Amino acid sequence: GELSEVSLTWGGIFWDNVSFPAGRNFVVRQLAKDLRTTPDEAVSMLRLHLGGGTTTVTQAAIKASLAAVGEKWCQDFRQAVKTILIGCFLPGTIYLAGDAGILPLFRDWLKAEDFGDLSIGHRHFAVQILTTDLLSQFCDQSAAVAHDLSLMVETLFCDKLLYTR
């Protein structure tokens, strides 16, 4: 909720991590403020908006609010990336993990923003949302067990550390 984190892995090894205070709750609070409503109602409106189920008037107000929030979030993301990429370039793929309801919004913001100055040849990176379905091909789990994305990511890192030479 409260934070977004940027982690750098290279060659399958975790190198660095930076957080910035603009996660799901930041988006919800700004949306509630701009639309003069409660956070709970802002969450509902956001879900409806992302699902394409809002009225034209409401949709315009939400789009305007999200554009401003997205600009701020991308600025914070850029600063976080610059902090951990000292002497490096942006990788070819950015992986997103977190609240499934907000990740498509973050993905869209990342795809729309120009981060060419942080990459080789000003190329744009791919953005992949990590899901339990995507990672289950790498993790053996019982079908009766609830899959936890965080545990799956940690398991993959542990596997890499223990079994890669």
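Peer 1: Mind laying out the pattern of salt bridges, listing which residues take part and the relevant values?
Peer 2: Tallied over the entire structure, the rule returns five salt bridges. The shortest N-O distance in the salt bridge between Asp 108 and Arg 107 comes to 3.4 Å. Since its relative accessible area comes to 39%, Asp 108 is described here as partly exposed.

Peer 1: Which residues make up the packing of aromatic side chains, and what values do they have?
Peer 2: A full pass over the atoms with the stated rule returns seven aromatic pairs. An angle of 15° between the planes, with centres 5.5 Å apart, marks the rings of Trp 73 and Phe 77 as stacked. Placement of the pair is Trp 73 and Phe 77 together in helix H3 (residues 56-84), with a separation of four residues, close to one helical turn. With respect to burial, Trp 73 and Phe 77 carry one shared label: buried. Arranged with centres 4.4 Å apart and planes meeting at 10°, the rings of Trp 73 and Phe 106 form a pair that is stacked. Of this pair, Trp 73 sits in helix H3 while Phe 106 sits in helix H4 (residues 103-112), and the two are 33 residues apart along the sequence. On the basis of relative accessible area, Phe 106 is assigned to the buried category, the value being 6%. An aromatic cluster of at least three residues, connected via ring pairs, comprises Phe 20, Trp 73, Phe 77, Phe 106, Trp 109, Phe 115 and Phe 125.

Peer 1: An account of helix H2 (residues 39-50) is requested, with residue identities and associated values reported.
Peer 2: The terminal C-alpha atoms of H2, which comprises twelve residues, lie 16 Å apart, in line with the 16 Å expected from a rise of 1.5 Å per residue. Of all the positions in H2, only Ala 42, Val 43, Met 45, Leu 46 and His 49 are classed as buried. Within H2, the buried residues cover an arc of 165° as seen down the axis, which keeps them to one side. Pointing more than 90 degrees away from the buried face of H2 are the exposed residues Asp 40 and Arg 47. Directly beyond the C-terminal end of H2, a positive phi value near 80° is found at Gly 52.

Peer 1: Give a detailed account of a nonpolar patch on the surface, specifying residues and quantitative values.
Peer 2: Among the surface-exposed residues, Trp 10, Ile 13, Trp 15, Leu 161, Leu 162 and Tyr 163 lie close enough to one another that they form a single nonpolar patch of about 800 Å² accessible area. Mapped by element, the contributors of at least two residues to the nonpolar patch are strand S2 (13-20) and helix H6 (149-163). Element by element, the count of residues in the nonpolar patch is highest for H6, at three residues. As for its placement among the helices and strands, Tyr 163 is situated in helix H6. Tyr 163 gets classed as exposed once you look at its relative accessible area, which sits at 63%.

Peer 1: Can you tell me about the confidence of the model for the protein chain, naming the residues and giving the values?
Peer 2: Where the model shows low pLDDT, its predicted coordinates should not be examined in detail. Counting all residues, the mean pLDDT for the protein chain is 84, and 98% of those residues have values of 70 or more. By mean pLDDT, H6 is the weakest element of the protein chain at 77, and helix H1 (residues 24-34) is the strongest at 95.

Peer 1: Break down the packing of H1 against H3 for me, citing the residues and quoting the values.
Peer 2: It is the contact of H1 with H3, at a shortest axis distance of 10 Å, that shows an interaxial angle of 140°. If you check the angle between H1 and H3, you find them oblique. Crossing of H1 against H3: the hand is right-handed. In contact with Phe 26, Val 27, Gln 30, Leu 31 and Asp 34 of H1, H3 contributes Ile 62, Ser 65, Leu 66, Val 69 and Lys 72. Here the contact of H1 with H3 is built from residues that sort into six nonpolar, two polar and two charged.

Conventions used here
- Residues numbered from 1 in each chain as written.
- Predicted model: local features only at pLDDT ≥ 70, side-chain atom pairs only at ≥ 80, totals over all residues.
- Heavy atoms only, no water.
- Salt bridge = Lys/Arg side-chain N within 4 Å of Asp/Glu carboxyl O.
- Buried < 20%, exposed > 50% of the residue type's maximum accessible area, 1.4 Å probe, protein only.
- Phe/Tyr/Trp six-rings, centres within 6.5 Å; stacked < 30°, edge-to-face > 60°.
- Helix = DSSP H or I, 4+ residues; strand = E, 2+ residues; numbered from the N terminus.
- Expected span 1.5 Å × (residues − 1).
- Arc of directions from axis to C-beta.
- Patch = residues over 30% accessible without salt bridge, like charges linked within 9 Å, V, L, I, M, F, W, Y side chains within 5 Å.
- Areas by Shrake-Rupley, 256 points an atom, 1.4 Å probe, with all protein chains shown as cover.
- pLDDT = per-residue confidence, 0-100.
- Axes fitted to C-alpha atoms, helices over the stretch in contact; angles between N-to-C directions.
- Parallel < 35°, antiparallel > 145°, perpendicular 65-115°, else oblique.
- Left-handed = near helix turned anticlockwise from the far one by under 90°.
- Contact = heavy atoms within 4.5 Å.
- Nonpolar A, V, L, I, M, F, W, Y, C, P; charged D, E, K, R; others polar.

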